[in-house]
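Chain by chain, the residues:
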Amino acid sequence: MSLGSDSGPGIVHSLLCHRQGGDSEAFARRAIQSLLRKLKEKRDELDALVAAVTSGGAQPGQCVTVQRTLDGRLQVAGRKGFPHVIYARLWRWPDLHKNELKPARFCQFAFDLKCDSVCVNPYHYERVGTPGGGLSIPRTVSPPCPVKEERVHECVVQMELPELGGETPGCPHRALPPEPPRVPPRSCLELPQATPQDPQAHPEGPPAQNGYPKPPQHGPPMLQPPVSTHPGPEFWCSIAYFEQDVQVGEIFKVPSSCPSVVVDGYVDPSGGARFCLGQLSNVQRCAASERARLHIGRGVQLERRGEGDVWMRCRSEHAVFVQSFYLDREAGRAPGDAVHKVYPGAHVKVFDLRQCHRQMQQQAATAQAAATAQAAAVAGTIPGAGSVGGIAPAIGLSVAAGLGVDDLRRLCLVRLSFVKGWGPDYPRASITCTPCWIEVHLHRALQLLDHVLHALPDAHA
């Protein structure tokens, strides 16, 4: 992996979102980029770093090492410092002094051990007082301005890393231990979508606990008007389970009265708020699917919020891989262009109903305008580009006019693969090549799409 690759900016962004704010964002970015370059041939250590930082130390993982220099210091952006101190300041204690760190007993490459390599995993060190002072009293930090929950939690979603010496689906942990107290990352407040001028960045709930905001309160005064006043559907989602390109079992429907559903690898057939994949049989099941199913475990939890937003929590001990147009947009990627790796314990927003509704309206209108312009071109009366929303004739028109209902329907889906990833960095080209995956159809979004399509004028009228 190089930082110039597609996945590099996503990793830098995710790690940058967890900085604690002592140094400038520019310095923090260069420090992270420098570390990622040093870890480009150490895939396991890179995964361990991402898991440790994004879980707030719930998964401290293995040592993350850099080569020790002659004087023990590392130069970043023209500034020299001890490497373990630089990254402990970056992700844990912004006011840390170099003589306040003590390695954890399990750290095999701690700075004080004078090995050829130095561990810079910030969760392999503990903060102690200055000499003679014993343990330090935690220093008070002014609470940051509250930030919308999705801006904090999205930072634990990782753009896919290339495979360097084998696939590592994530660092397992035991029973999801609680995260240690910490301050929500300040850098998340500096992202364009969460500026103070943006009304969407205002707090939606009471102050944070243990460093994370409470879930948004769904009562006044912060309620937004509904996207549509049409009554909601009987079921808020339906889930189809696949092994490679074969659907296994029947579609599982989740009633609107049940806003949360768990998809796991166990065998309870009673349904309700659990879709147990372990009970589904497939006479043509391959060995890869058999192995992967053993690792689904506690699976994922899907939660509907408000009118139709969807959040996901990874409850498994292995990472899951998500295809989500919402996460694509938040990462600055083209729709359908990325696969997002979600680590164990992560809680992320994967679908936004308002964003989806705007997108389906824009795409439907563009396709309608393109079809009209294409018909005019065939008739020999092609209008100017301005009359079809700036769409150029010829190839541009053909592509836009070819946008069909299936393309719009894909906006209303979230796909998720257990254990194994896919895409250009994996041997599996598409999700239909992964051993076990699910497709979640979001009914409120499909209902709104139906209204959008009905509202379009007849292209041939």
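Sequence order as written defines the numbering, with residues in each chain counted from 1. Thresholds applied to this predicted model are a pLDDT of at least 70 for local features of residues and 80 or more for the giving and counting of side-chain atom pairs; totals over whole chains, interfaces and linings are not thresholded and use all residues. Computation of side-chain values covers all heavy atoms of the structure but excludes hydrogens and water.

**Considerations on the nonpolar core**
Piece 1. Within this scheme, the nonpolar core is defined by two criteria: the residues are buried Ala, Val, Leu, Ile, Met, Phe, Trp, Tyr or Cys, and they are joined through side-chain atoms within 4.5 Å. Any residue under 20% of the maximum accessible area for its type is buried, any over 50% is exposed, and the rest in between are partly exposed; the area is computed with a 1.4 Å probe on protein chains only. Of all hydrophobic cores here, the largest spans 48 residues; its most connected members are Ile239, Met312 and Phe418.
Piece 2. Note on contacts: a residue pair qualifies if any of its non-hydrogen atoms lie within 4.5 Å across the two residues. Sequence-distant contacts of Phe418, defined by excluding residues within four places in its chain, comprise Val263, Leu277, Ile296, Gly299, Val300, Val320, Cys436 and Ile438.
Piece 3. Leu49, Cys63, Leu90 and Tyr343 belong to the second-largest nonpolar core, a separate cluster that totals 39 residues.

**Looking at the packing of aromatic side chains**
Aromatic ring pairs are reported here in terms of the distance separating the ring centres and the angle at which the planes meet.
Piece 1. Note on ring pairs: Phe, Tyr and Trp rings are taken, using the six-membered ring of Trp, and paired if centres are within 6.5 Å. Classes follow the plane angle, with under 30 degrees stacked, over 60 edge-to-face and the rest tilted. The final tally for this structure, using the stated rule, is five aromatic pairs.
Piece 2. Pairing Phe252 with Phe275 gives two aromatic rings, centres 4.7 Å apart and planes at 10°, and the pair type is stacked. Linking Phe252 in strand β10 (residues 252-255) with Phe275 in strand β12 (residues 274-276), this pair joins segments that are 23 residues apart in sequence. In terms of burial, Phe252 and Phe275 fall into one category: buried.
Piece 3. A ring pair is formed by Phe321 and Tyr426, whose centres lie 6.0 Å apart and whose planes are at 75°; its orientation type is edge-to-face. Separated by 105 residues along the polypeptide, Phe321 in strand β15 (residues 320-323) and Tyr426 in the loop between β18 (413-418) and β19 (437-442) bring together distant segments of the chain. Across the pair, exposure class does not vary: Phe321 and Tyr426 are buried alike.
Piece 4. A cation over an aromatic ring shows up here: Arg79 above the ring of Phe27, its NZ or CZ 3.8 Å from the ring centre.
Piece 5. For a ring to carry a charge above it, either NZ of a lysine or CZ of an arginine must fall within 6 Å of the ring centroid while also lying within 35 degrees of the normal to the ring plane. Its end group placed over the ring of Trp311, Arg305 keeps NZ or CZ at 4.4 Å from the ring centre. Each helix is a run of H or I in the DSSP string that is no shorter than four residues. Each strand is a run of E no shorter than two, and both are numbered from the N terminus.

**Looking at unusual backbone geometry**
Piece 1. The phi dihedral of Gln244 falls on the positive side, at around 55°, and the residue is not glycine.
Piece 2. For Gln244, the location among the structural elements is in the loop between β8 (235-243) and β9 (246-247).
Piece 3. Non-glycine residue Val419 carries a positive phi angle of around 75°.
Piece 4. Relative to the assigned elements, Val419 resides in the loop between β18 and β19.

**Describing the pairing of strand β13 (residues 300-305)**
Piece 1. Criterion used throughout: strands pair if DSSP finds at least two bridges between them. Two elements, strand β11 (residues 260-264) and β13, share four bridges in a ladder whose sense is antiparallel. Residue pairing across strands places Val261 opposite Leu302, the latter belonging to β13.
Piece 2. As defined by bridge partners, β13 adjoins strand β14 (residues 309-314) across six bridges and the pair is classed as antiparallel. When the sheet's bridge partners are listed, Gln301 is paired in β14 with Arg313.
Piece 3. Linking two consecutive strands that pair antiparallel, namely β13 and β14, is a turn of three residues; a positive phi of about 60° is found at Gly306 within it.

**Looking at the confidence of the model for the protein**
Detailed reading of the predicted coordinates is not advisable wherever pLDDT is low.
Piece 1. As a per-residue measure, pLDDT reflects the predictor's confidence and takes values from 0 up to 100. Taken over all residues, the pLDDT of the protein has a mean of 75, while the share at 70 or more is 70%.
Piece 2. Mean pLDDT in the protein bottoms out at helix α5 (residues 149-153), which sits at 37, and peaks at β19, which reaches 97.
Piece 3. Low pLDDT (under 50) marks residues 385-401, which in the prediction has 24 contacts with non-local residues, meaning those over four places away or in another chain.

**Structural notes on the sheet that holds β11**
Piece 1. The strand order across the open sheet built from five strands is β12-β11-β13-β14-β17, with neighbouring strands paired in mixed fashion. Each edge of the sheet is formed by a strand with only one pairing partner; in this case those strands are β12 and β17 (347-351). Recorded for the sheet is a direction-independent mean angle of 25° between the axes of neighbouring strands. For helices, the fitted axis covers only the stretch in contact; all axes are lines through C-alpha atoms, and the angles between them, taken along N-to-C directions, range from 0 to 180 degrees.

**A word on empty space enclosed by the protein**
Piece 1. The way it works is a 1 Å grid over only the protein atoms, where trapped points that fit a 1.4 Å probe form a cavity and open points with protein on both sides within 12 Å along at least five of seven lines form a pocket, and then any residue with an atom within 4 Å of a point lines it. Grid points are joined across faces, edges and corners, and a volume is the space filled by probe spheres set on the points. Under the definition given, this model contains three cavities of 30 Å³ or more.
Piece 2. Space inside the largest cavity adds up to approximately 80 Å³.
Piece 3. Lining the largest cavity, in full, are Ser324, Phe325, Tyr326, Val350, Phe351, Asp352, Gln355, Cys356, Gln359, Leu411, Leu413 and Val414.
Piece 4. Those elements giving two or more residues to the lining of the largest cavity turn out to be α7 (325-330), β17, α8 (353-378) and β18.
Piece 5. All residues other than Ala, Val, Leu, Ile, Met, Phe, Trp, Tyr, Cys, Pro, Asp, Glu, Lys and Arg, Gly among them, are scored as polar; the first ten of these are nonpolar and the last four charged. When its residues are assigned to classes, the lining of the largest cavity shows eight nonpolar, three polar and one charged.

**Some words on the pattern of salt bridges**
Piece 1. By definition here, a salt bridge exists when the distance from a side-chain nitrogen of Lys or Arg to a carboxyl oxygen of Asp or Glu is within 4 Å. All chains considered together, the criterion is met by 17 salt bridges.
Piece 2. Residue Asp268 is joined to Arg274 by a salt bridge in which the shortest nitrogen-to-oxygen separation is 3.8 Å.
Piece 3. Within the structure, one salt-bridge network assembled from shared partners comprises Arg43, Asp47 and Lys341.

**Digging into the packing of helix α2 (residues 25-38) against helix α4 (residues 83-91)**
Any two packed helices are characterised by the angle at which their axes cross and by the distance between the axes.
Piece 1. One can describe the packing of α2 onto α4 by two numbers: an axis separation of 11 Å at closest approach and a directional angle of 125°. In this view, α2 runs oblique relative to α4, as classed from their interaxial angle. Along this stretch, α2 crosses α4, giving a crossing that reads as left-handed. From α2, Ala28, Ala31, Ile32, Ser34 and Leu35 reach across to α4, where they touch Tyr87, Leu90 and Trp91.
Piece 2. When grouped by side-chain class, the residues that make up the contact of α2 with α4 number seven nonpolar, one polar and no charged. Angular relationships are summarised with four words: roughly parallel below 35 degrees, roughly antiparallel beyond 145, roughly perpendicular across 65 to 115, and oblique for the angles in between. Crossings are sorted by hand: turned counterclockwise from the far helix by less than a right angle, the near helix makes the crossing left-handed, and turned clockwise it makes it right-handed.

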